[in-house]
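Listed below, chain by chain, are the residues.
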Amino acid sequence: MNGRPVWFGASDRPQFGWLGHPAAGPAGAGVLLCPPIGVESLAAYRAFRHLALRLEALGLSTLLLDYDGTGDSAGDVNDPDRVEAWTRTIAAGAEVMRAAGTTTLCAVGMRLGANLAAAAAARLPLHALVLWDPCASGSSFLREQRSLSAQVGGDSSNGAIDAPDLYYEQRTVDDIRANLPALQLPPGSPSTLVLVRPDRPFPSALRAALTAAQVEWAEATGQDRLIGVPVEQGAVPHDTVERVAAWLSRVAAAPTAVPAVDEPAASGGGERPVALGPNRLFGIVTEPETLVSDTVVLFVNVANERHLGPARGWVRLARRLARQGVRSVRLDLSGVGDSPARPGRRRDVVYAQEWLDDLVDAVDALAPAPVVLVGLCSGAYSALECALAARVRGVCVVNPILDIEWLAPPSELWDERRRALRVLPAPLRRLARRHRRVAEAVWRLVRQVAVRRCPAHVLAAAVRRGADVLVVSSPENAQAFRDTLFWRFVGLPRLRRTGRFRLEVVEQLDHSADRVRGREAALESIAAHVIARHVQPATARAAAPRRRLARPVSLTSPSVEEPA
């Protein structure tokens, strides 16, 4: 198996994807993998990776797509004519597959990606189509997003929808509603498998409209544990993945290997994939046309999500900084997103011990360029751990949590190298099993005198090691840094006077940065801080990181294989 990151489509607006082939090389049958849109795409990515690996093992080529304005593709999710642009991405992906020698073309779409795949079937010669938990229509999808917006307190006014991980402007809402009507298959449609959730009724009228001689129906088992739960808790529905792979292998039988005609580019505009450090961590480098600073901004992924940041915030920040002349890398830590797991380690373990080494390895790989780390939540914690273990120029962290009780002993995730962690002492942890509030109240009192056990001490330690520290926090998260009288009235003001520390509280920011106003304010603070503090004249050493950045990792390298 030989998978690699590629850009394709128009050179002035490149689209990103992972192109994979069987071990024997490009196959006569290929599958376009069309993910959902928005927060659902975060959860579905792992399932599509599993499916890609399984299909390649069965002798089919695959292309896992990032639609225009999503993922690592060019553009913005609220650019005009979204449905047409997303459908064009699928069509452009089909051209990539055909150029690689594919003669039998299939597509798999999940949720709104299924509706887009069905729309693309009207203009593509698809041999087979899988609609995995499709939306009844664009309108039904939007109703679900509006419901999610209400759950997180989003500002969905003036026809827009402030949903988790994505803000749909009114014109995008109108476009989805108008151009994705009730799900339908075009005349002369390909062989189709429709997978519906057993725990949700599928509209009977729509089922009747889709029923045809070439349509098969099955249950999308396990979908309730993939979509609709917190991303870090999502579980890959292995039974459904296997059902889809087996069905496609049966209906899309074609010669296994064909001569490749062409291969798409390994870079898109000013961006290219890299592998950093001895574990070959996957990253996307964004290069400016003119380098004006020797600093490299290193964006850390959130939890077990890809390297995109909240609502694709790292992508947008990276491209904005490039326009200011600053180079950056969007990084996936070990076993997350597109980075391989370390030998013998499980994938998608949040706060894994190997993360303690990953950022240090990445900083070393980028040397001698000075590095500024940017992270949210778990990525913020990892950035602060790195700042205490390695020399970095700065850290810009959003809502770091440093008192994570489930990392404390006897957790299998405990590691004595954790310097930024601040948890209850063992006696209080035992008390907390029965009297949680009492234990926490005692701990707050203890920290009034044991000031080194406070989260704010970690920030001071990072500053003492030479890092410039910016903390952007919601009011709730900021309380952890100010609940000790010493740090509120002495420690934090002293840090500010160094000129290398800033704590900015954003009133509208929530912990996960789900709401658009707080999220955009946090991103603006980071961008302004990096430009003001770290954009310095480039030196002769600035070219060194370019030479030392490694070639891209393979999606299907043995260490990337995910356990069942």
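Cut-off values and rules
- Numbers given to residues run from 1 along each chain, matching the order in which its sequence is written.
- With the structure being a predicted model, the display of local features is reserved for residues of pLDDT at least 70 and the display and counting of side-chain atom pairs for 80 or more, all residues being used for whole-chain, interface and lining totals.
- Each side-chain value is worked out from all heavy atoms of the structure, with water and hydrogens disregarded.
- A run of H or I in DSSP counts as a helix once it spans at least four residues, and a run of E counts as a strand once it spans at least two, with each numbered from the N terminus.
- What the globule rule says is 2.2 Å times the number of residues to the power 0.38, and the radius of gyration is computed from C-alpha atoms.
- Each residue's exposure class comes from its accessible area (1.4 Å probe, protein chains only) as a fraction of the maximum for that residue type: buried when under 20%, exposed when over 50%, partly exposed otherwise.
- Every residue pair with non-hydrogen atoms within 4.5 Å of one another is taken to be in contact.
- Accessible surface is estimated by sampling points in the Shrake-Rupley manner with a 1.4 Å probe; for residues, cover comes only from the protein chains shown.
- In this count, Lys and Arg are taken as positive residues and Asp and Glu as negative ones, while His and the chain termini are left out.
- Lysine's charge is taken at NZ, arginine's at CZ, aspartate's at CG and glutamate's at CD.
- Residue-level confidence of the predictor is what pLDDT reports, using numbers from 0 through 100.
- Joining through side-chain atoms within 4.5 Å is the link that ties buried Ala, Val, Leu, Ile, Met, Phe, Trp, Tyr and Cys residues into a set, and such a set is a nonpolar core.
- Pairs of strands are assigned from DSSP output, requiring at least two bridges between the strands.
- Comment: axis = line fitted to C-alpha atoms, over the contacting stretch for helices; angle = value between 0 and 180 degrees taken between N-to-C directions.
- Take the residue count of a helix, subtract one, and multiply by 1.5 Å to get its expected span.
- Here a polar contact means two N or O atoms within 3.5 Å. Within protein one must be a hydrogen donor candidate and the other an acceptor candidate, and residues neighboring in sequence count only if both atoms are side-chain atoms.

Visitor: So what's going on with the overall build of the protein chain? Residues and values would help.
Guide: When its secondary structure is counted, the protein chain shows 17 helices and 18 strands. Radius of gyration (C-alpha) of the protein chain: 24 Å, near the 24 Å computed for a compact globule of 564 residues. Along the first, second and third principal axes, the C-alpha atoms of the protein chain reach 75 × 55 × 50 Å. Out of the 564 residues in the protein chain, the part that is buried amounts to 61%. In the protein chain, once contacts between residues fewer than 6 apart in sequence are set aside, the share between residues at least 24 apart is 71%. As displayed, the protein chain has an accessible area near 21500 Å², and 52% of this comes from carbon and sulfur atoms. Counting 68 positive and 59 negative side-chain charges, the protein chain places the centres of these two groups 7 Å from one another.

Visitor: Can you break down the confidence of the model for the protein chain residue by residue, with the values?
Guide: Across the protein chain, the average pLDDT comes to 90, with 93% of residues at or above 70. Here residues 540-549 is modelled with pLDDT under 50, and outside its nearest four sequence neighbours on either side it reaches 21 contacts, counting other chains as well. Contacts from residues 551-564, a stretch scored under 50 in pLDDT, to residues over four places away or in other chains number 47 contacts.

Visitor: Explain the nonpolar core to me, using residue names and the numbers behind them.
Guide: Within the largest apolar cluster, 86 residues are counted, with the highest numbers of intra-cluster contacts made by Leu298, Leu373, Val395, Phe501 and Ile526. Excluding residues within four positions of it along the chain, Ile526 makes contact with Trp314, Leu317, Val374, Cys396, Val398 and Leu470. Formed by 50 residues, the second largest nonpolar core is a distinct cluster that contains Cys34, Ala114, Leu116 and Leu206.

Visitor: Pulling in residues and values, what's your account of the sheet that holds strand β16 (residues 394-398)?
Guide: Spatial ordering of the open sheet is given by β11-β12-β14-β13-β15-β16-β17-β18, a layout of 8 strands whose pairing is mixed. The outermost strands of the open sheet, each flanked by one partner alone, are β11 (271-276) and β18 (501-505). If you compare each strand with its neighbour and ignore which way they point, the axes differ by 20 degrees on average. Packed onto the sheet, helix α8 (residues 313-323) meets β11, β12 (281-286), β13 (296-300), β14 (327-331) and β15 (371-376) and runs at close to 175 degrees relative to β13.

Visitor: For helix α9 (residues 355-366), give the residues involved together with the corresponding values.
Guide: The terminal C-alpha atoms of α9, which comprises 12 residues, lie 17 Å apart, in line with the 16 Å expected from a rise of 1.5 Å per residue. For α9, every residue scored as buried is listed here: Trp355, Leu356, Asp358, Leu359, Val360, Asp361, Ala362, Val363, Ala365 and Leu366.

Visitor: Before we move on, can you summarise the side chain of Ser293 with the specific residues and values?
Guide: Its place among the elements puts Ser293 in the loop between β12 and β13. Engagement of the side chain of Ser293 in a polar contact is seen with the backbone nitrogen of Thr295, the distance being 3.1 Å. Reaching out from Ser293, the side chain makes a polar contact with the backbone oxygen of His534 at a distance of 3.0 Å.

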